[in-house]
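Residue-level listing of the chains:
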Amino acid sequence: MNRHLMLVSNSTNAGEAYLGWPRQAIAEFFKRFGIKRVLFVPYAGVAPGYDAYAKKVADVFAEMGVRLESTHRTPYPVTAVQQAECIVVGGGNTFHLVHEMHRTGLMEAIREKVSQGCPYMGWSAGSNVACPTIKTTNDMPIIEPESFNALGLVPFQINPHYLDANPAGHGGETREDRIKEFLVVNPDVYVAGLREATYLLVENDKMQLVGSRKMRLFKAGAETREIEPGDVSFLL
């Protein structure tokens, strides 16, 4: 498959500037494909509002010599996708993101465009939506989307911001508990617990885990594994 993806767990580490830790990797991704203009999908940014969210990302990308256009500012978002050099999907609320992508026709348009080789970058919810479904998101379902089905750019599920334990004093399920519940109902799917400050880089049928932390990999009927950074193409 002709695909060029950068799927990031989180945009910002505590105490860092926005998009601080992945900034160099993002710049390299843009440079690799000669990207000077990106189309940004801001629909996960419910609380800040689309204008503020797009500006926040645009300010970072401008430092790399890359201009940002946002789908919410065009009356023809599908046409904008068809003409895009690169598609970037930001984090926030995954349910709202998917609701709007279905409503605007962007789900099918982005899937088609990326399958033709258009580079795709997402973080957090933007990585969730690259999976077959959003059933492994961490977010509150603040709106009911048409479907939980997502882009299916990769054949496995991602759980971004993966944590190994609950916060102190919290007695609810761990992240691992919830993923194992998912696997009872969906036993044929791998789930990648993508820890903070890591990302997956996909080039056609090759995939690398990049970062200083391991990825926790779940599959029904198999022992949960810790995967070192490096080649993880077997998941494709």
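Note that the coordinates shown come from a computational prediction; the quantities given were computed from them, not determined experimentally. Per chain, the residues get numbers from 1 upward, laid out in the order the sequence is written. Residue-level local features of this predicted model are given only where pLDDT is at least 70; pairs of side-chain atoms are given and counted only at 80 or more, and the full residue set underlies all totals for whole chains, interfaces and linings. Processing note: side-chain calculations cover all non-hydrogen atoms of the structure and skip hydrogens and water entirely.

Asks: How should I be thinking about the pairing of strand β3 (residues 67-70) in this particular structure?
Replies: Within a regular strand, side chains alternate between the sheet's two faces. Each residue is assigned to one of three classes by its accessible area relative to the maximum for its type, calculated with a 1.4 Å probe on protein chains only: buried under 20%, partly exposed between the two thresholds, exposed over 50%. The way it works is that DSSP assigns letters per residue, a run of H or I at least four long becomes a helix, a run of E at least two long becomes a strand, and they are numbered from the N terminus. Burial along β3 is one-sided: the residues Leu68 and Ser70 are buried and none of Arg67 and Glu69 is. Pairs of strands are assigned from DSSP output, requiring at least two bridges between the strands. Where strand β2 (residues 37-41) and β3 come together, 4 bridges link them in parallel fashion. Its bridge partner being in β3, Phe40 is matched across the sheet by Ser70. Each parallel crossover has a hand, and for β2 linked through helix α2 (residues 50-62) to β3 it is right-handed. Seen with its strands pointing away from the viewer, a crossover is right-handed if its path from the first strand over the helix to the second goes clockwise.

Asks: How should I be thinking about the nonpolar core in this particular structure?
Replies: Across soluble globular proteins, you tend to see nonpolar side chains buried next to one another. Counting residues in hydrophobic clusters, the biggest one holds 44 residues, and the most contacted among them are Ile87, Ile110, Tyr120, Val129 and Leu200. Here this core gets 5 residues from one element, more than from any other, and that element is helix α5 (residues 106-115). One finds Tyr18, Phe30, Val66 and Tyr199 within the second-largest nonpolar core, a separate group that totals 27 residues. Put simply, a nonpolar core is a bunch of buried Ala, Val, Leu, Ile, Met, Phe, Trp, Tyr and Cys residues held in one set by side-chain atoms that sit within 4.5 Å of each other.

Asks: I tried to follow the environment of Asn159 on my own but got confused; where do I start?
Replies: Tracing the backbone shows Asn159 in strand β6 (residues 157-160). Each C-alpha atom of the pair Asn159 and Tyr190 lies 11 Å from the other, and the pair is 31 residues apart in sequence. Two residues form a contact once any of their heavy atoms are found within 4.5 Å. In contact with Asn159, not counting residues within four places along its chain, are Thr136, Asn138, Arg175, Ile179, Val191, Ala192, Gly193 and Leu194.

Asks: Teacher, can you tell me more about α2 here?
Replies: Residue pairs three or four apart in sequence face the same way in an α-helix, which turns once every 3.6 residues. Here the expected span of a helix is defined as 1.5 Å times the quantity of residues minus one. With 13 residues, α2 should cover 18 Å at 1.5 Å per step; its first-to-last C-alpha distance of 18 Å lies within 8% of that length. Of the residues making up α2, those classed as buried are Tyr53, Ala54, Val57, Val60 and Phe61. Looking straight down α2, one finds its buried side chains confined to an arc of 125°; they lie on one side. The outward face of α2, more than 90 degrees from its buried face, is lined by the exposed residues Lys55 and Ala62. Tucked into the core, α2 has its buried residues touching α1 (23-32), β2, β3, β4 (87-89) and β5 (120-123). To be clear, the arc concerns the directions from the helix axis to the C-beta atoms.

Asks: I would appreciate a short explanation of the side chain of Arg3 in the present structure.
Replies: Inspection of the secondary structure puts Arg3 in the segment before β1 (4-8). Nitrogen and oxygen atoms within 3.5 Å of one another constitute a polar contact, given that in protein one can donate a hydrogen and the other can accept it, and given that sequence-neighbouring residues count only through two side-chain atoms. A polar side-chain atom of Arg3 sits 2.9 Å from the main-chain carbonyl oxygen of Leu153. At a separation of 3.4 Å, a polar atom in the side chain of Arg3 contacts the side chain of Asp205. Those residues in contact with Arg3 that sit more than four places away from it in its chain are Val114, Leu153, Val154, Pro155, Val202, Glu203, Asn204, Asp205 and Leu236.

Asks: In this structure, what is going on with the pattern of salt bridges? I would like to understand it.
Replies: When the charged atoms of two side chains lie near each other, side chains of opposite charge can form a pair. By definition, a salt bridge exists where a carboxyl oxygen of Asp or Glu is found within 4 Å of a side-chain nitrogen of Lys or Arg. Inspection of the entire model under this criterion finds 17 salt bridges. When the shortest N-O distance is used, the salt bridge between Arg67 and Glu69 registers 2.9 Å. Classification of Glu69 as partly exposed rests on a relative accessible area of 28%. Here the salt bridges share partners, and the residues they tie into one network are Asp164, Glu176, Lys180, Arg195, Arg216 and Glu226.

Asks: Where do I start with unusual backbone geometry in this structure?
Replies: Outside of glycine, negative phi angles account for most residues, and trans bonds account for most peptide bonds. Phi at Ser124 is positive, roughly 55°, even though this residue is not glycine. The topology assignment puts Ser124 in the loop between β5 and α6 (125-128). Positive phi, close to 60°, is recorded for His161, a residue that is not glycine. Examined against the element boundaries, His161 turns out to sit in the loop between β6 and α7 (175-185).

Asks: I would appreciate a short explanation of the packing of aromatic side chains in the present structure.
Replies: The way to describe two aromatic rings as a pair is by their centre distance and the angle between their planes. Within 6.5 Å between ring centres, the rings of Phe, Tyr and Trp (the latter by its six-membered ring) count as paired, and their orientation is classed by plane angle as stacked under 30 degrees, edge-to-face over 60, tilted in between. According to the stated counting rule, one finds 9 aromatic pairs in the structure shown. Arranged with centres 6.4 Å apart and planes meeting at 25°, the rings of Phe40 and Trp123 form a pair that is stacked. Placement of the pair is Phe40 in strand β2 and Trp123 in strand β5, with a sequence separation of 83 residues. Just as Phe40 is buried, Trp123 falls in that class too. Ring centres of Tyr190 and Phe234 lie 6.4 Å apart, and the angle between their planes is 80°; on these two criteria the pair is classed as edge-to-face. Within this pair, whereas Tyr190 is found in the loop between α7 and β7 (191-194), its partner Phe234 is found in the segment after β12 (230-231), the two being separated by 44 residues in sequence. Look at Tyr190 and you get partly exposed, because its relative accessible area is 29%. An aromatic cluster is present here, built from Phe40, Tyr53 and Trp123 joined pairwise through their rings. Cation placement over rings: the criterion is NZ of Lys or CZ of Arg within 6 Å of the ring centroid and within 35° of the ring normal. The cationic tip of Lys56 hangs over the ring face of Tyr18; the distance from NZ or CZ to the ring centre is 4.3 Å. It is Lys219 that lies over the ring of Tyr190; its NZ or CZ is 5.7 Å from the centre.

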